[in-house]
Amino acid sequence: MRIYEKNYDFRKKMLEVHQKDIRDFSVERNTDETELKNGLVLCVKDNADDVILCAARDFVDYLFVSMNISVRLQKGAPKENEQAIILELAEESGIVLDTANGYRGFRIECENNIRITGYDSRGAAQALYYMEDLMNMRKAPFIKNGVTEKRPLYSPQMVHSGYALDDFPNEHLSFIAHEGRDAIMIFAKDANMTPVGFVDFNALIYRAARYGIDVYAYSYLRSEKHPDDEGAEEYYESTYGKLFKTCPGLKGVILVGESVEFPSKDKRTSGKSYRIKSPDGIPDEKISPGWWPCNDYPVWLNMVKKIVRKYNENADIVFWTYNWEQQDESARLSLINSLPDDITLQVTFEKSELFTTDGVKMAVDDYSLSRHGYSDIFRSEAEAAKKKGMRLYSMTNTGGRTWDFGTCPYEPMPYQWIKRYKAMKEAHEKFGLSGIMECHHYGFSSSIISKLSKLVFLNPDEAPEEILFKLTESYYGKENAKAVDSAFKLWSEAITYYTPNNSDQYGAFRVGPSYPFCFDAIMNLNSAPYSHFGNSICKPYYAEITYINSYPAPVKLAPNIKSLEKMCGLLKQGIDVLENISDKNENLLELINTGKFLYSCSISGLNAKKWYKLKLKVRTEENIKKFPAIIDEMENLLRDEIKNAENAIEYVNKDSRLGWEPSMEYLTDEEHIRWKIKQVNYVINNELARVRTAISL
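These notes cover the structure that comes with them. Given the structure is predicted, the values throughout are model-derived calculations rather than measurements.

**Some points on the overall build of the protein**
Piece 1. A count of helical and extended segments in the protein gives 20 helices and 23 strands.
Piece 2. For a compact globule of 697 residues, the expected C-alpha radius of gyration is about 26 Å, and the protein comes in at 27 Å, within 12% of that figure.
Piece 3. Within the span of the protein, comprising 697 residues, buried residues form 61% of the whole.
Piece 4. The long-range fraction of contacts in the protein, counting pairs at least 24 apart against all pairs at least 6 apart in sequence, stands at 78%.
Piece 5. Split by element, the accessible area of the protein, about 27,500 Å² in all, is 48% carbon and sulfur.
Piece 6. Of note, the protein has its 89 positive side-chain charges centred 2 Å away from the centre of its 101 negative side-chain charges.

Dropping the structure here:
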């Protein structure tokens, strides 16, 4: 691992589609395997389309770069006695597919030569990518003889860019396709306009299609007219109509309450956007339409649907119920039951799941791996969708990260992820869950978790634990696999003690060791002017909205602190296991560094709660004699946090992916961590010092 990486150096690695020289020449071929050799011919049909040709060229490059094998790509049949991979579609080959008989399904028949049969072009491409996975795990160009059929369990599998917000270089598209994902999302404020400026949507659609990837518009379009208002159709023609008339190749549009809310006439709401502030500064007593399942959303949806499908009759209209999980079930289900049947309902998987810790009621305020299963809210809304016969998607975050750690590219807790995958499979079988959104804002990055989910999501399924162990051997070395697996189990247990509160996910865990510890003056990190959210999404003080489903923050403090202490202890145990491995490859060094960064983030999260508790104490203490001990405790805590932040500088400098997130840009690099250290020293040397002076009078 490099001693030091500059900001954005991680993108260099992202632009390398295939890892160099993976082949281990000491690995011997088993008798039931076929070896791919120099001179092999990859044969495609004369009429092969762009998806097949793109994947075939990629496979030739993979064998050369990763396996040191030179092969030839040609149209037509191979010569006699020439080792070949023959790529074809089921409809032209006459081969009858079994379990692979469906979108992106594929069949691989191997016996010296390899015959790949795709249900469609995307299936044929996925077969080649799957063979790359098999060879990467073997560290050799060996494919097991026999017949293998696979078909992805979910479609679409939607991801945001992990390269930069709404930025998809061809190499990143290739990576997304290799990881089995078939759809990307781009934030749309207008046709060809995103939060970061102009993007040629059509060019992206064309480029993505070559990799077998569809493009969805995540709507940031304003909805300032009610569908019943005069001129409403012309208004929505100028927004959604313009978008799909300009870009008819968009696969669909994602609509979520807070982003698309309209002036609802539902009397239970304010009837206006939350962006419109009250003239007297006092919030409206009624909730805005973005956070309520308004009874006229169906009218609005039918208007949008009518206009969008004028330009793309098959457009996928995805209506996401994210914003009203706090509302009564009767109101939520009443809305779902009145929705048009020919759109898609998307329900968040674990958000708002209720649980109890030490007798204290809590809820998952936002996306979290701490709870692996689906919530009761998901269950009720999924059941309603099934009864209506609606297509069902879910926000599952299975790209590898949730909102538990804001500036870490993935969460290396595979056994907890496996529990999530099994719960999803149950939802697939019970409710018809068919599509998934796998990240939001945070973006999609390469990791053992992204590869694990890709392979687990193929049907017929294999035991996830067995797939994980093969990947662990491949990533970190066979001789190290058992030790790494032990660390993974410790970390997978650790995440179950995470506290999924808004005060954490929008606070210290958002940016980890760069998080400011404010006393009197409220100070926040500086953010890049070109970032989507910047520092606005990170709250520089510990504060929590009291939701109806969980206790207020002060009541939750003690059990939360106890829980995070357990989490930190387990993370540290896992790090110690990995540190004791004598022969560490680059992947293992990266994993250890990531683990240390997660530990540092967790220490900041724990300290933030302790700091909040001490501030509550110092604000209410009436006995002057007790003040010195409280201030001493506060200063000691801050000095411990400074040490934690200083340690984190090494971690972020070793890996430039750490500390960065697409919608915030860098908020946890060395510069921001050093600012935080300066900020904490200010609190010690000025604000706490003033209190010391005051109590000594």
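**So, the side chain of S600**
Piece 1. Structurally, S600 is set in helix α18 (residues 586-620).
Piece 2. Excluding its chain neighbours within four sequence positions, the residues that come into contact with S600 are P513, N644, A648 and Y651.

**Concerning the sheet that holds strand β4 (residues 84-89)**
Strand-to-strand pairing in sheets goes through backbone hydrogen bonds, with the strands running parallel or antiparallel.
Piece 1. Taken in spatial order, the seven strands make up an open sheet running β3-β2-β4-β6-β5-β8-β21, and their pairing is mixed. A strand with exactly one partner marks an edge of an open sheet, and here the two such strands are β3 (72-75) and β21 (458-459).
Piece 2. Pairing of strand β5 (residues 106-111) with strand β8 (residues 146-152), which is carried by five bridges, proceeds in the antiparallel orientation. Paired with I108 across the bridge in β8 is T148.
Piece 3. Set on the sheet, helix α2 (residues 50-67) makes contact with β2 (41-44), β3 and β4; between it and β2 the angle comes to about 180°.

**Focus: unusual backbone geometry**
Piece 1. With an omega of 0°, the peptide bond running from S155 to P156 counts as cis.
Piece 2. Counting through the fold element by element, P156 comes out in the loop between β8 and β9 (157-159).
Piece 3. In this model, N459 is joined to P460 through a cis peptide bond whose omega is 5°.
Piece 4. Structurally, the position occupied by P460 is in the loop between β21 and α14 (464-476).

Parameters and conventions
- Residues numbered from 1 in each chain as written.
- Predicted model: local features only at pLDDT ≥ 70, side-chain atom pairs only at ≥ 80, totals over all residues.
- Heavy atoms only, no water.
- Helix = DSSP H or I, 4+ residues; strand = E, 2+ residues; numbered from the N terminus.
- Rg over C-alpha atoms; globule rule 2.2 N^0.38 Å.
- Buried < 20%, exposed > 50% of the residue type's maximum accessible area, 1.4 Å probe, protein only.
- Contact = heavy atoms within 4.5 Å.
- Areas by Shrake-Rupley, 256 points an atom, 1.4 Å probe, with all protein chains shown as cover.
- Lys, Arg positive; Asp, Glu negative; His and termini not counted.
- Charge placed at Lys NZ, Arg CZ, Asp CG, Glu CD.
- Pairing = 2+ DSSP bridges.
- Axes fitted to C-alpha atoms, helices over the stretch in contact; angles between N-to-C directions.

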